[in-house]
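Fold and geometry: a report
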Amino acid sequence: MSTRDRAIRAAVELLGTEGAHALTHRRVDDRAGLPAGSTSNHFRTRAALVDGAADGIVGPELRGLEAAVHPADAAELVEQLAALVEQLTGPMRVATTARHVLFLEATHDARVRERLSADRPAYVAGVAAVLERLGAAEPRVAAEALAATCEGIILHRIARGDDSDPRPVLAVAVRGALG
């Protein structure tokens, strides 16, 4: 793994386990086991480090979405979305928590807000394509609603430790999305 990739992985881990205050070049170097100054060679500013961390979160999430969601019908979509929620709040929990930490940063940092907003269309487009194949009348609007539902479920799992079955809520959202 490259030094840059090690720094990105460490930045995501720090955000996801210790919060935004822990994201410093020195802490990333320490977490990644890199010589002092290595992270700043790739990410000169904290803003660049935040962007690197965001890339390290978004890339795997989008690949996971593309790989996991190919339903033949509404029932299969519910199952696939539930599995994705389980993945994001289980094995990928630290990265998902890091994404939520960045969401909070975005509330008072316009640059972070713009950075995170730039990724949103890719998530929505992926879901809209699935919904269009399944016959949604308004796939883009339905994708926004379904994405918001999934994000809410994920937030509750991360922040509140809610481990309830997401399928009933997802089933209602999918029925609404498909009309």
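Here, every reference points to the structure presented above.
We now turn to the structure provided with this report.

**Focus on the overall build of the chain**
Each helix and strand counted, the chain has nine helices and zero strands in total. In sequence order, the chain lays out its α and β elements as α-α-α-α-α-α-α-α-α. Scaling as 2.2 N^0.38, a compact globule of 179 residues should have a C-alpha radius of gyration of about 16 Å, and the chain matches this with 17 Å. Overall, the chain is about 55 × 30 × 30 Å in size when its C-alpha atoms are taken along their principal axes.

**With respect to the nonpolar core**
Formed by 31 residues in total, the largest nonpolar core has its most connected members in Val69, Leu77, Leu81, Leu131, Leu146 and Leu170. With sequence-adjacent residues up to four places away left out, Leu146 is seen in contact with Leu77, Leu81, Val127, Leu131, Ala173 and Val174. Within the second largest apolar cluster, 26 residues are counted, among which are Ala7, Val28, Leu34 and Leu102.

**Details of helix α1 (residues 3–18)**
Taking 1.5 Å of rise per residue, 16 residues should cover 22 Å, and α1 covers 22 Å from first to last C-alpha, within 8% of that figure. Residues of α1 that are buried include every one of Ala7, Ile8, Ala10, Ala11, Val12, Leu14, Leu15 and Gly16, and no others. Check the buried side of α1 and you find it contacts α2 (25–32), α3 (38–42), α4 (46–68) and α6 (93–106). Once α1 finishes, Gly19 follows within two positions and takes phi at roughly 95 degrees, a positive value.

**A look at the environment of Ala128**
As for its position among the elements, Ala128 is in helix α7 (residues 110–133). The spacing of Ala128 and Glu138 is ten residues in sequence and 8.6 Å in space, taken between C-alpha atoms. Once you skip the residues sitting within four places of it in the chain, Ala128 turns out to touch Pro139, Arg140 and Ala143.

**Considerations on the packing of α1 against α6**
Look at α1 against α6: their axes get within 7 Å of each other, and the N-to-C directions meet at 75 degrees. The angle between the axes of α1 and α6 places the two elements in the roughly perpendicular class. Two secondary-structure elements touch here, α1 through Val12, Glu13, Leu15, Gly16 and Thr17 and α6 through Val94, Ala95, Thr97, Ala98, Val101 and Leu102. Of the residues belonging to the contact of α1 with α6, the class tally is seven nonpolar, three polar and one charged.

**Notes on the packing of α4 against α6**
Where α4 contacts α6, the two axes come as close as 10 Å, and the packing angle between them is 135 degrees. Taken together, α4 and α6 sit at an angle that is classed as oblique. Two packed elements cross with a definite hand, and for α4 against α6 that hand is left-handed. Here α4 contributes Arg46, Val50, Ala54, Ile57 and Glu61 to the contact with α6, which in turn contributes Ala95, Thr96, Ala98, Arg99, Leu102 and Glu105. Here the residues of the contact of α4 with α6 sort into six nonpolar, one polar and four charged.

**Looking at the pattern of salt bridges**
By the definition in use, this model includes 14 salt bridges. As a salt-bridge pair, Arg46 and Glu105 come within 3.9 Å of each other at their nearest N and O atoms. With a gap of 59 residues between them, Arg46 in helix α4 and Glu105 in helix α6 connect regions that are remote in the sequence. Here Asp51 ties to Arg111 by a salt bridge, and the two come within 2.9 Å at their closest N and O atoms. With Asp51 in helix α4 and Arg111 in helix α7, this residue pair connects regions lying 60 residues apart in the sequence. Here the salt bridges share partners, and the residues they tie into one network are Asp51, Asp55, Arg111, Arg115 and Asp119.

Parameters and conventions
- Residues numbered from 1 in each chain as written.
- Predicted model: local features only at pLDDT ≥ 70, side-chain atom pairs only at ≥ 80, totals over all residues.
- Heavy atoms only, no water.
- Helix = DSSP H or I, 4+ residues; strand = E, 2+ residues; numbered from the N terminus.
- Rg over C-alpha atoms; globule rule 2.2 N^0.38 Å.
- Core = buried A, V, L, I, M, F, W, Y, C linked by side-chain atoms within 4.5 Å.
- Buried < 20%, exposed > 50% of the residue type's maximum accessible area, 1.4 Å probe, protein only.
- Contact = heavy atoms within 4.5 Å.
- Expected span 1.5 Å × (residues − 1).
- Axes fitted to C-alpha atoms, helices over the stretch in contact; angles between N-to-C directions.
- Parallel < 35°, antiparallel > 145°, perpendicular 65-115°, else oblique.
- Nonpolar A, V, L, I, M, F, W, Y, C, P; charged D, E, K, R; others polar.
- Left-handed = near helix turned anticlockwise from the far one by under 90°.
- Salt bridge = Lys/Arg side-chain N within 4 Å of Asp/Glu carboxyl O.

Interpretation note: all reported values are geometric properties and have no functional meaning in isolation.
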